[in-house]
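One letter stands for each residue in the lines below.
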Amino acid sequence: MIRYNLRCERGHAFESWFQTSSAYDSQVRRKLVTCPTCGSSKIEKAIMAPQIVGKKGRESAAPVPAEQPAAAPAESTPLMMAQERELRAKLKELRDHIVKNADNVGDRFPNEARKMHYGDIEHRPIYGEASPEEARSLIEEGVEVSPLPVLPDDRN
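Residues numbered from 1 in each chain as written. Predicted model: local features only at pLDDT ≥ 70, side-chain atom pairs only at ≥ 80, totals over all residues. Heavy atoms only, no water.

Engineer: Got a minute to help me understand the environment of E93 in this structure?
Structural biologist: Its location among the elements puts E93 in helix 2 (residues 82-101). E93 sits 56 residues away from P149 along the chain, and the two C-alpha atoms are 9.8 Å apart. (Helix = DSSP H or I, 4+ residues; strand = E, 2+ residues; numbered from the N terminus.)

Engineer: Help me understand unusual backbone geometry, please; the structure alone is not making it clear to me.
Structural biologist: Non-glycine residue K31 carries a positive phi angle of around 60 degrees. Tracing the backbone through its elements, the reader meets K31 in the loop between helix 1 (21-29) and strand 3 (43-45). When its relative accessible area of 51% is taken as the criterion, K31 is described as exposed. (Buried < 20%, exposed > 50% of the residue type's maximum accessible area, 1.4 Å probe, protein only.)

Engineer: I keep staring at the pairing of strand 1 (residues 2-8) and nothing clicks. Help me out?
Structural biologist: The side chains of a regular strand alternate between both faces of the sheet. Sheet analysis places strand 1 next to strand 2 (residues 13-18), joined by six bridges and oriented antiparallel. Paired with L6 across the strands is F14, a residue of strand 2. In this antiparallel pair of consecutive strands, strand 1 and strand 2, the connection spans four residues, and G11 shows a positive phi of 90 degrees. Sheet topology places strand 1 next to strand 3; three bridges connect them, and they run antiparallel. Note that in strand 3 the partner of C8 across the bridge is I43. (Pairing = 2+ DSSP bridges.)

Engineer: Could you clarify how one ought to interpret the sheet that holds strand 1 in this entry?
Structural biologist: Strand order in the open sheet made by the three strands is 2-1-3, with antiparallel pairing throughout. Each edge of the open sheet carries a strand with a single partner, namely strand 2 and strand 3. Adjacent strand axes in the sheet meet at a mean angle of 40 degrees, parallel and antiparallel pairs treated alike. (Axes fitted to C-alpha atoms, helices over the stretch in contact; angles between N-to-C directions.)

Engineer: How do you make sense of a negative patch on the surface when you look at a structure like this?
Structural biologist: There is a patch of like negative charges on the surface, built from D107, E129, E133 and E134. If you trace the backbone, E134 turns up in helix 4 (residues 132-140). (Patch = residues over 30% accessible without salt bridge, like charges linked within 9 Å, V, L, I, M, F, W, Y side chains within 5 Å. Areas by Shrake-Rupley, 256 points an atom, 1.4 Å probe, with all protein chains shown as cover. Salt bridge = Lys/Arg side-chain N within 4 Å of Asp/Glu carboxyl O. Lys, Arg positive; Asp, Glu negative; His and termini not counted. Charge placed at Lys NZ, Arg CZ, Asp CG, Glu CD.)

Engineer: Looking at this model, I keep getting lost on the nonpolar core. Mind explaining?
Structural biologist: Most often, soluble globular proteins have nonpolar side chains that are buried together. Ranked by size, the top nonpolar core spans 10 residues in total: Y4, L6, C8, F14, F18, Y24, V28, V33, C35 and I43. Secondary-structure elements contributing two or more residues to this core are strand 1, strand 2 and helix 1. Top element by residues in this core is strand 1. It accounts for three residues. If you look at the next biggest cluster of nonpolar residues, it comprises seven residues, including V105, F109, I126 and V143. (Core = buried A, V, L, I, M, F, W, Y, C linked by side-chain atoms within 4.5 Å.)

Engineer: Even after reading the chapter, I still don't get helix 1, so can you show me in this structure?
Structural biologist: An α-helical turn contains 3.6 residues, so a residue and the one three or four places further along point in the same direction. Three or more residues of helix 1 are buried, namely A23, Y24, Q27 and V28. All buried residues of helix 1 lie within an arc of 130 degrees about the axis, which places them on one face of the element. The inward-facing, buried residues of helix 1 abut strand 1, strand 2, strand 3 and helix 2. Looking at the residues trailing helix 1, positive phi occurs at K31, about 60 degrees. (Arc of directions from axis to C-beta. Contact = heavy atoms within 4.5 Å.)

Here you go:
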């Protein structure tokens, strides 16, 4: 793994880890690396001091601090790998699709799902609420259920 100090076009500094230097190049070209402060995808490597440790000093070597640009924001920002952002966007897209195209049956979900499974009512896309025990019971009966993705930035 390689850690790079990065900077966006607006001067925000952050760091990120990449499997290889070519992985970094590929992700930047595909605009998957974005500034956690402003979202800009115009990213470049910032100057950083390499950590070089000799054979004798490996156990006691302290990391060499990298130079921080003067334009770094005062507050700390959470770092998120590009892949995590992409996954969250896909999960949000999936959830939004389900909410748009299915009926919200609320707390009637377990009963409605059972009725459809046993052929008492016509099948249709639904979503709703079920306790963990109700969901377990549905699964044991062979009713296919799946939770809607909930993301950390959801405010309910």
